[in-house]
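For reference, the chains in residue letters:
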Amino acid sequence: MGATRRCMVILGVLFALFLSSTSAQSCSKYNFASNKVFSACSDLPYLNSYLHWTYSPSSQSLEIAFRRLGTSSSRWVSWAINPTSQGMVGSQALVAFQKSDGTMRAYTSPIKSYQTGLQEGDLSFPVSDLSATYSNNEMIVYATLKLQNSSSTLNQVWQEGPLSNDSPGMHPTTGPNVQSMGTLNLLSGESKTPAGASSSKLKAKNASPLIIHGVLNAVSLGILIPLGAIIARYVKEFPLADPAWFYLHVTCQLSAFILGVAGFGAGRRLGSQSPGITYAVHRGLGISLFTLALVQVSALLIRPKKDHKWRSYWNCYHYLVGYGILGISIANISKGLDILSPKKKWKRAYIGILVTLASLALLLEVIIWFLKRSKRSAGADKWSHGTNGTNGLNGYGERKPETV
């Protein structure tokens, strides 16, 4: 009973840690007055600004909302894409400000030099649904862009400055105003400044959770769970390995469970801090794995004894859930690698691990098959020679005749 209580306490602590890891705040908590919903967001590192966006790779359509907090009605704001390089010159800008009569003006302006007056003009790509709002010292620019570049990474610049007679004036040339530029990956959500300070909801604050999530789950789901299954399936067939195989199996699977819960918690935190970056399949498989693993480990507490009438049913359930976890694990690790798009060597390493484990399982399968066949052959030979505990009697209890 003491061991059961300890297991329950461990499960409770792990579950509490998992729940606590999902409580992080993020820019997705912002609710637009227009009820607009965007699939991604990023806290830009300078000028108290935020970018929300929805990107469609197939149509190269980018819907954005650029927000700047703490601004007054006597300031202008701008967000721009530079298709050719990082920096101000060459940027294709969206500009917005509130005019003296209280109405909002939003327009496009190509930046051709540092002496620009932000004159209105067409950009190098189509822009539609351009508008702006100002309320409670917050200015927001909305637009839909039709990108011409097939790359999902773009150079962005954002800026603010004073107004003079309803015309944009020169912005400050020191401090944050000359640092407000960088790159943005529309798919991963990574946003970097030239100095290397990342404002990405996926990378800057979440580099550690991302690494922890990937490494822990790769080890637990990709190595320990398959290894534990191999031990339970094959090693127990060797008489000398009993009961060592059982303890090895439990050690592998419990270690995988603990590491997996930690990795799952890191993944949940990663998702809560980058809410716009949603991978429904990967997340769904992860939640399924966590649920099945929790049920599988909890079922150990009610495992019937070997001679119990329900033991065969428990074994059937244990096998089905275990192999289900194994299959989903392989699928979800592959999905995670597709999402991260790491260097090819990492994918090759994972494939190499799978091939190694599969080869080991196949080798053991062949060895076990030959051992069982040898045992059956030995049993048949003993029976045919009347030495199977019958003292030379045939199957009818009669002594076999002497052979000449």
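Basis of the calculations
- Residues numbered from 1 in each chain as written.
- Predicted model: local features only at pLDDT ≥ 70, side-chain atom pairs only at ≥ 80, totals over all residues.
- Heavy atoms only, no water.
- Helix = DSSP H or I, 4+ residues; strand = E, 2+ residues; numbered from the N terminus.
- Buried < 20%, exposed > 50% of the residue type's maximum accessible area, 1.4 Å probe, protein only.
- Contact = heavy atoms within 4.5 Å.
- Areas by Shrake-Rupley, 256 points an atom, 1.4 Å probe, with all protein chains shown as cover.
- Salt bridge = Lys/Arg side-chain N within 4 Å of Asp/Glu carboxyl O.
- Phe/Tyr/Trp six-rings, centres within 6.5 Å; stacked < 30°, edge-to-face > 60°.
- UniProt positions renumbered as here; feature names shortened; annotations may be inferred.

S.K.: Just give me the short version of the overall build of the chain, but keep the residues and values in it.
M.R.: Assigned secondary structure in the chain consists of six helices and 11 strands. Within the span of the chain, comprising 404 residues, buried residues form 38% of the whole. In the chain, 58% of the contacts between residues at least 6 apart in sequence involve partners at least 24 apart. Carbon and sulfur atoms make up 61% of the accessible area of the chain, which amounts to about 22,600 Å² in all.

S.K.: Give a description of the pattern of salt bridges that names residues and reports values.
M.R.: All told, the structure shown has five salt bridges when counted by the stated rule. Salt-bridge contacts for R67 lead to E138; the nearest nitrogen and oxygen are separated by 2.9 Å. Note that R67 is positioned in strand β3 (residues 61-69) and E138 in strand β8 (residues 138-146), a separation of 71 residues in sequence. Classification of R67 by relative accessible area gives buried; the value is 4%. On the basis of relative accessibility, which here comes to 11%, the residue E138 falls in the buried class. Here E160 makes a salt bridge to R75, at a shortest N to O gap of 2.8 Å. Of this pair, E160 sits in strand β9 (residues 153-162) while R75 sits in strand β4 (residues 75-82); the two residues are 85 residues apart in sequence, bridging distant segments of the chain.

S.K.: Could you give me a rundown of the packing of aromatic side chains, with the residues and numbers involved?
M.R.: Summed over all chains, the structure comprises 10 aromatic pairs. Ring plane angle 75° and centroid distance 5.6 Å describe the contact between F246 and Y247, whose orientation is recorded as edge-to-face. Assessed through its relative accessible area of 27%, F246 is described here as partly exposed. Taking the centre distance of 5.4 Å and the plane angle of 50° together, the rings of W310 and Y313 count as tilted. When its relative accessible area of 56% is taken as the criterion, Y313 is described as exposed. Members of the aromatic cluster, joined through ring pairs, are Y30, F32, F38 and Y142.

S.K.: Mind laying out unusual backbone geometry, listing which residues take part and the relevant values?
M.R.: Keep in mind that most residues, glycine aside, have a negative phi and that most peptide bonds are trans. Of note, the amide linkage connecting D242 to P243 takes the cis form, showing an omega dihedral of 10°. Structurally, P243 can be placed in the loop between α2 (207-233) and α3 (244-273). The backbone of L47 sits at a positive phi, close to 65°, despite the residue not being glycine. The residue L47 is located in the loop between β1 (40-43) and β2 (49-56) in this model.

S.K.: Help me get a handle on the UniProt feature "transmembrane region" (unreviewed entry) in the chain, residues and values and all.
M.R.: Residues annotated by UniProt as "transmembrane region" (unreviewed entry) correspond here to residues 210-232, 244-264, 284-302, 314-334 and 349-371. Structurally, residues 349-371 comprises 100% helix and 0% strand, and the distance from its first C-alpha atom to its last is 33 Å.

S.K.: Break down the environment of V295 for me, with residues and values.
M.R.: Structurally, the position occupied by V295 is in helix α4 (residues 280-299). With a relative accessible area of 42%, V295 lands in the partly exposed category. Spatially, the C-alpha atom of V295 lies 8.9 Å from that of V321, the residues being 26 residues apart in sequence.

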